[in-house]
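In case you want the letters, here they are:
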Amino acid sequence: LSQDQLRKWLDLHRAVKEKRASGSAKEEMARVAAASAANFPEPAKAKEVWDAIGASKDGKVAKSLTALAAASSSRADALTARVELRRRLSPHLPASALPLVESMASRPGMLLASSSTAKCLLERVAALVDQSLGAGGGSLPELALLIDVTSVFPE
C-alpha cells in the first residue's frame, strides 16, 4: 500500500462518512483495500484489518492513517501513528492480527511512494547542502537536476 493509495482510500472514506459520495466510492474503497490485502502473506487477515479500519468510528484511527499517508510526516510522527493505530484497533481484532496492523502501518512510510515524496526529500537535502556550503558560494547542480527529474515522473 503506497501513501498515494492510502490517501485515496482516506479521501473516499471521508466522502462516504460525510454522505457526499456515491455507491461507487464504497466499491473503490473495497478495491483499494483488496489490492492492499493481496500483497500480504495472509490476505484474509489483511482484509479483516481493513474491515475493522473501515468500520471504526474512532477519529484517531483516521488521524493515524492520515499521518501515515502524508509525505510530510516525520519518522517520529509515522511511528507514533503506527502505535496509535494498533492501540485503537486492538479491541476490534484478534491478537493474531495485530502484528499485521503494524506491518500495514509501516509500509507507506518505508517507501518513496511518489515522485512528490522524492522531490520533497531532495529539496530538504539540497537546502542542507546549501546551508553547509554557506558563504563559500558553492552548490551542487546535480541536486537541482535530480529535483527537476522527479517532476517528470508520475505520482
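Residues numbered from 1 in each chain as written. Predicted model: local features only at pLDDT ≥ 70, side-chain atom pairs only at ≥ 80, totals over all residues. Heavy atoms only, no water.

What is the right way to look at the pattern of salt bridges in this model?
Side-chain pairs of opposite charge can arise where the charged atoms are in close proximity. Evaluated as defined, the whole model comprises 9 salt bridges. Between K45 and E42 there is a salt bridge; the shortest N-O distance is 3.6 Å. Given a relative accessible area of 44%, E42 falls into the partly exposed group. For K47, the salt bridge is made with D51, and the minimal N-O distance between the two is 3.1 Å. Of this pair, K47 and D51 both sit in helix α3 (residues 43-55), 4 residues apart, which is roughly one turn of that helix. Exposure remark for D51: the relative accessible area of 42% places this residue in the partly exposed category. The network of salt bridges with shared partners includes D58, E84, R87 and R88. (Salt bridge = Lys/Arg side-chain N within 4 Å of Asp/Glu carboxyl O. Buried < 20%, exposed > 50% of the residue type's maximum accessible area, 1.4 Å probe, protein only. Helix = DSSP H or I, 4+ residues; strand = E, 2+ residues; numbered from the N terminus.)

Please clarify how the nonpolar core should be interpreted in this entry.
A general feature of soluble globular proteins is that nonpolar side chains tend to end up buried together. Core analysis: the largest hydrophobic core is formed by 30 residues, its most contacted members being W9, V49, I53, L65, L85, L89 and L93. Elements represented by at least two residues in this core include exactly α1 (3-17), α2 (23-38), α3, α4 (59-69), α5 (75-89) and α6 (98-110). Contacts of W9, omitting those with residues within four sequence positions, involve M29, V32, A33, W50, I53, G54 and L65. (Core = buried A, V, L, I, M, F, W, Y, C linked by side-chain atoms within 4.5 Å. Contact = heavy atoms within 4.5 Å.)

For this particular structure, what's the right way to read the packing of aromatic side chains?
What describes a pair of aromatic rings is the distance from one ring centre to the other and the angle between the planes of the rings. The full count for this structure, using the stated rule, is 1 aromatic pair. Ring plane angle 55° and centroid distance 5.0 Å describe the contact between W9 and W50, whose orientation is recorded as tilted. Taken together, the residues span a long stretch of sequence, with W9 in helix α1 and W50 in helix α3 at a distance of 41 residues. Judged by its relative accessible area of 4%, W50 is buried. (Phe/Tyr/Trp six-rings, centres within 6.5 Å; stacked < 30°, edge-to-face > 60°.)

Can you walk me through the packing of α1 against α4 in this structure?
Two packed helices can be described by the angle between their axes and the distance between those axes. At their nearest, the axes of α1 and α4 sit 9 Å apart, and the two run at 145° to each other. Helix-helix and strand crossings are classified by hand; for α1 and α4 the assignment is left-handed. Between α1 and α4, the residues in contact are Q3, L6, R7, W9, L10 and R14 and A62, L65, T66, L68 and A69, respectively. (Axes fitted to C-alpha atoms, helices over the stretch in contact; angles between N-to-C directions. Left-handed = near helix turned anticlockwise from the far one by under 90°.)

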